[in-house]
Amino acid sequence: MVEYRIDRHSGVATYVQIVQQTKQALRLGMLRPGDKLPTAREVVKATAINPNTVLKAYRELERDGLVEARRGLGTFVRRGLSTAPADSPLRTELDAWAARARAAGLDRDDVAALFTAVLDEHFAGDLAGQDQHSQGDPS
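Report on the accompanying structure. (Residues numbered from 1 in each chain as written. Predicted model: local features only at pLDDT ≥ 70, side-chain atom pairs only at ≥ 80, totals over all residues. Heavy atoms only, no water.)

With that settled, the discussion passes to the nonpolar core. Counting residues in hydrophobic clusters, the biggest one holds 21 residues, and the most contacted among them are Tyr4, Ile18, Leu31, Leu37, Val43, Val54 and Tyr58. If you list the elements that add at least two residues to this core, you get helix 1 (14-27), helix 2 (40-47) and helix 3 (51-63). Counting residues per element, this core draws most heavily on helix 1, at six residues. The residues touching Val54, leaving out its near neighbours within four places in the chain, are Ile18, Ala40, Val43, Val44 and Ile49. (Core = buried A, V, L, I, M, F, W, Y, C linked by side-chain atoms within 4.5 Å. Buried < 20%, exposed > 50% of the residue type's maximum accessible area, 1.4 Å probe, protein only. Helix = DSSP H or I, 4+ residues; strand = E, 2+ residues; numbered from the N terminus. Contact = heavy atoms within 4.5 Å.)

Structure, rendered in structure tokens:
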């Protein structure tokens, strides 16, 4: 089951953080079709956020076709986004790279900026299509 971590200082809306973390878990194969998401009550207890915030995130995930609410049972994953499993050799390499970056004295923001710059270089052609595709998509 996914455990949400809310960063109140990130400037990112809480419900968006829940959506992003759920999508990340789907991409990494940590959540699979049929898996149950934590109930709003469980998320509220773990994160001290408003239950309506959790429900808003779950509704957005449902609109995206990723989850479905089953009355009286909970919210379940409908489909995954997994293309890079959590045990991928690439993840192992990235983990080692992040450890080297930290040992070199870079902080989280430095590493994120560096990684984003490299991503932008390698996926520059994809960004134009992605921006056009996601204009109606608030995620």
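And the narrative resumes.
Moving on to the environment of Val12. Locating Val12 in the fold gives a position in the segment before helix 1. Given the relative accessible area of 32%, Val12 is considered partly exposed. Among all residues touching Val12, those that are not within four sequence positions of it are Gln17 and Gln20.

Attention shifts here to helix 3. Given a rise of 1.5 Å per residue, 13 residues ought to cover 18 Å, and the 18 Å separating the end C-alpha atoms of helix 3 matches this to within 8%. Of all the residues in helix 3, the buried ones are Val54, Ala57, Tyr58, Glu60 and Leu61. Mapping the buried residues of helix 3 onto a view down its axis gives an arc of 155°, with all of them on the same face. Every exposed residue of helix 3 that faces more than 90 degrees away from the buried side is listed here: Asn52 and Arg63. As for helix 3, its buried residues are in contact with helix 1, helix 2, strand 1 (67-70) and strand 2 (74-77). For helix 3, the side-chain oxygen to backbone nitrogen distance between the N-cap and Asn52 is 2.7 Å, and the N-cap itself is Asn50. Phi turns positive, to about 80°, at Gly65, one or two residues after helix 3. (Expected span 1.5 Å × (residues − 1). Arc of directions from axis to C-beta. Polar contact = N/O pair within 3.5 Å; in protein donor to acceptor, adjacent residues only side chain to side chain.)

Time to look at the packing of aromatic side chains. Tallying each qualifying case throughout the model produces one aromatic pair. Ring plane angle 45° and centroid distance 6.4 Å describe the contact between Trp97 and Phe115, whose orientation is recorded as tilted. Taken together, the residues Trp97 in helix 4 (residues 89-103) and Phe115 in helix 5 (residues 108-122) connect sequence positions 18 residues apart. In this arrangement the basic side chain of Arg70 is found over the ring face of Phe76, its NZ or CZ atom lying 4.1 Å from the centre. (Phe/Tyr/Trp six-rings, centres within 6.5 Å; stacked < 30°, edge-to-face > 60°. Lys NZ or Arg CZ within 6 Å of the ring centre and 35° of its normal.)

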